[in-house]
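Observations on the model geometry
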Amino acid sequence: MMDAHQLIVCRCEEVSLAELLETAEAYQCSARELKLRTRAGMGCCGGRTCRMLVDQVIEQATGHSPSHTIPLGYQPPVRPISFQTLGGRNR
Amino acid sequence: MNQRIVHHPVLGSLDAGKSLHFRFNGTTYPAYEGETIAAALLASGVRTLRVHEEKGTPRGIYCNIGHCYECRVTVDGVPTVRACMTLVQDGMEVTAGVVLPTPLKKGGHSQ
Ligand code: FES
């Protein structure tokens, strides 16, 4: 496999696979806690690109499958929306 | 440089629309009507659309379907516009994202 330090899982916040694996190993935490500790999934795209992978890192590190009691959230809006757009601008 | 595919075995020949011009970081680039900012820049050999706000590493087209926001640029003063989903308009001013200050972070900087 490619060097886990080089492999970026969350591109918005630039979090590497190594960083996720090390954090997951050290804290044996939930996917949500991993997200809060590393910021993976908290960037501009709203975690839509990396959420599955963050779940999988947790599964690999702790054996917990992704149906945690506090899951990685899907909050509306489904995509980032600016206040300008909410205010009526059409881009 | 023009890297457009003008003849495609499945899609047929490119029916180029009206030719337009827009600016990206101060340089003028050509485009055809109906092309996205990302496509027009790629056709001119521009692959880096911005740098990561904190780390300064380069970013360009990743999904090209409006999903990942990697291609976000500033268009006519409006930030966070997806270059892959926005059609070029004549005279558009497009600028790349830059490294932002991180004064509160350990080892951070203030501009
Ligand atoms: S490249 Fe993914 S949103 Fe444009």
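Residues numbered from 1 in each chain as written. Chains lettered and ligands numbered in written order. Predicted model: local features only at pLDDT ≥ 70, side-chain atom pairs only at ≥ 80, totals over all residues. Heavy atoms only, no water.

Going by an unreviewed UniProt entry, chain B carries the name (2Fe-2S)-binding protein and comes from Brevibacillus choshinensis.

Let us look at the interface of chain B and chain A. Tallying the contact residues gives 21 residues for chain B and 13 residues for chain A. Summing both sides of the interface, chain B and chain A together bury roughly 1500 Å²; the carbon and sulfur share of this comes to 45%. Of all residues in chain B, the largest losses of buried area upon contact with chain A belong to B:His67, B:Tyr69 and B:Val78, amounting jointly to 34% of the total for that side. Inspection of the chain B/chain A interface yields 2 salt bridges. Between B:Glu70 and A:Arg11 there is a salt bridge; the shortest N-O distance is 3.9 Å. When contributions to the side of chain B that touches chain A are tallied by element, the ones reaching two or more residues are β7 (72-75) and β8 (78-82) of chain B. No other element matches the 5 residues that β8(B) contributes to the side of chain B that touches chain A. (Contact = heavy atoms within 4.5 Å. Buried area = accessible area lost by both parts, 1.4 Å probe. Salt bridge = Lys/Arg side-chain N within 4 Å of Asp/Glu carboxyl O. Helix = DSSP H or I, 4+ residues; strand = E, 2+ residues; numbered from the N terminus.)

For the rest of this paragraph, the subject is the pattern of salt bridges. Going through the model one piece at a time under the given rule, you end up with 11 salt bridges over all chains. A salt bridge links B:Lys105 to B:Glu54, with the shortest nitrogen-to-oxygen separation between them at 2.9 Å. Within this pair, whereas B:Lys105 is found in the segment after β9 (93-95), its partner B:Glu54 is found in the loop between β5 (50-51) and β6 (58-59), the two being separated by 51 residues in sequence. For B:Glu54, a relative accessible area of 31% gives the class partly exposed. Beyond isolated ion pairs, a larger network of salt bridges with shared partners links A:Arg11, A:Glu14, B:Arg50, B:Glu53, B:Arg59, B:Glu70 and B:Arg72. (Buried < 20%, exposed > 50% of the residue type's maximum accessible area, 1.4 Å probe, protein only.)

Right, let's talk about helix α2 (residues 31-38) of chain A for a bit. All names here are of chain A. Ala31, Leu34, Lys35 and Thr38 are the residues of α2 that are buried. Angularly, the buried residues of α2 cover 100° about the axis, an arc narrow enough to put them on a single face. Where α2 is buried, its residues touch β2 (15-16), α1 (17-27) and α3 (51-62). Where α2 terminates, the next one or two residues include Arg39, which has phi positive at roughly 70°. (Arc of directions from axis to C-beta.)

Segments scoring low in pLDDT should not have their predicted coordinates read at a detailed level. Within chain A, residue pLDDT values average 86, and 89% of them lie at 70 or more. Within chain A, no element has a lower average pLDDT than helix α4 (residues 83-86) of chain A, which sits at 82, and none a higher one than β2(A), at 96. (pLDDT = per-residue confidence, 0-100.)

A few words now on the packing of α1(A) against α3(A). Residue and element names in this part refer to chain A. Remark: α1 packs on α3, axes separated minimally by 9 Å, with the N-to-C direction vectors making an angle of 45°. Taken together, the axis directions place α1 and α3 in an arrangement best described as oblique. The two elements α1 and α3 cross, and the hand of that crossing is right-handed. Touching Leu17, Leu20, Leu21, Ala24 and Glu25 of α1 are Val54, Val57, Ile58, Gln60, Ala61 and Thr62, all from α3. Classifying every residue of the contact of α1 with α3 gives 8 nonpolar, 2 polar and 1 charged. (Axes fitted to C-alpha atoms, helices over the stretch in contact; angles between N-to-C directions. Parallel < 35°, antiparallel > 145°, perpendicular 65-115°, else oblique. Left-handed = near helix turned anticlockwise from the far one by under 90°. Nonpolar A, V, L, I, M, F, W, Y, C, P; charged D, E, K, R; others polar.)

Non-glycine residue A:Gln28 carries a positive phi angle of around 45°. Turning to its location among the elements, A:Gln28 is positioned in the loop between α1 and α2. Positive phi outside glycine occurs at B:Thr80, with the angle close to 60°. With a relative accessible area of 42%, B:Thr80 lands in the partly exposed category.

Time to look at a nonpolar patch on the surface. There is a patch of nonpolar side chains on the surface, built from A:Ile81, A:Phe83 and A:Leu86 and spanning about 380 Å² of accessible area. Considering the arrangement of structural elements, one finds A:Ile81 in the loop between α3 and α4. (Patch = residues over 30% accessible without salt bridge, like charges linked within 9 Å, V, L, I, M, F, W, Y side chains within 5 Å. Areas by Shrake-Rupley, 256 points an atom, 1.4 Å probe, with all protein chains shown as cover.)

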